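In case you want the letters, here they are:
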Amino acid sequence: MKHTILLLTVLMSCFGMAQNNENTTDKSELYKNYREDQFYVSITYNLLNIKPNGVNQNGFSSGFHLGFIRDMPVNERRNVAIGLGLGLSSNSYNQNVSILETNNDISYNIIDESEVNVSKNKFTTYLVEVPLEFRWRTSTATDYSFWRIYSGFKLGYLFYNSTKFKSDNGDEKLTNVEDFNKLQYGLTLSVGYGTWNFHVYYGLNSIFDNSAKLNGQSIDMKSLKIGLMFYIL
């Protein structure tokens, strides 16, 4: 009986040591391979920046963005990294510039509300986006609530656009208007703690290309998006 108890004690000790060694190894591997690969979802309020004279926004212009970012740490602690991702973005802009087609030509005009009652006037863009971020955070491999500052650059490819115009004089909807810039890009910044993060996108080039004219001048409007970013591990 004594020999049996002794044997069991030795086996349990060995098992415990093996478990400790395994946990140590697992923890070491955990830190070694730690990355903040993340899905992201963002909701923004979209503004038109650098508007031509007479152009105003009305109503709520929203944006919805989602995607995945691959995290590539560049230091031993792994709290500084480069992030490269792929995502989709939908953006609407309610404003007072009518985009109408007459005899296969697209015209742009500021709506005179004293002459026509307009219930809806907006354009919407849909993009495939590639975000590139420089990422700093206070996280560890086991801490999921931390401060972060992610700054970067985002390149978008416009694959679809639409316009909607509704008034007492009639309705018109257009799709894939060629005057929109196919490539749209800008600077990004996400700052926050844990799940909730302030997010801003500052467009560097115009939403429309040079062929879009308003009163004989190019419509050089850029996008400014302000909202919330949610990162999901």
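A short tour of the structure in this document, coming up. Computed from a predicted structure; not experimentally measured.

The next subject is the overall build of the protein. Each helix and strand counted, the protein has one helix and 13 strands in total. When the helices and strands of the protein are listed from N to C terminus, the series reads α-β-β-β-β-β-β-β-β-β-β-β-β-β. Relative to its 233 residues, the protein shows a buried fraction of 40%. Put simply, 71% of the contacts in the protein that link residues at least 6 apart link residues at least 24 apart. Per element, the accessible surface of the protein, about 13,300 Å² overall, is 58% carbon and sulfur.

Here we come to the nonpolar core. Counting residues in hydrophobic clusters, the biggest one holds 18 residues, and the most contacted among them are Y108, F123, F180, I207, F208 and I219. Elements that contribute at least two residues to this core include exactly β4 (97-102) and β6 (118-137). If we skip the residues at most four places from it in the chain, F123 touches L48, N91, S92, Y93, Q95, I99, S162, T163, F180, I207 and F208. Among the nonpolar cores identified, the runner-up in size contains six residues, and Y40, F146, M229 and Y231 belong to it.

What follows deals with the pattern of salt bridges. Under the criterion given, the structure shown has seven salt bridges. D71 is the salt-bridge partner of R137, the closest N and O atoms lying 2.9 Å from each other. Separated by 66 residues along the polypeptide, R137 in strand β6 and D71 in strand β2 (residues 62-73) bring together distant segments of the chain. Measuring nitrogen to oxygen at the nearest pair gives 2.9 Å for the salt bridge that ties R135 to E133. The exposure classification of R135 matches that of E133, with both residues buried.

About the thresholds
- Residues numbered from 1 in each chain as written.
- Predicted model: local features only at pLDDT ≥ 70, side-chain atom pairs only at ≥ 80, totals over all residues.
- Heavy atoms only, no water.
- Helix = DSSP H or I, 4+ residues; strand = E, 2+ residues; numbered from the N terminus.
- Buried < 20%, exposed > 50% of the residue type's maximum accessible area, 1.4 Å probe, protein only.
- Contact = heavy atoms within 4.5 Å.
- Areas by Shrake-Rupley, 256 points an atom, 1.4 Å probe, with all protein chains shown as cover.
- Core = buried A, V, L, I, M, F, W, Y, C linked by side-chain atoms within 4.5 Å.
- Salt bridge = Lys/Arg side-chain N within 4 Å of Asp/Glu carboxyl O.

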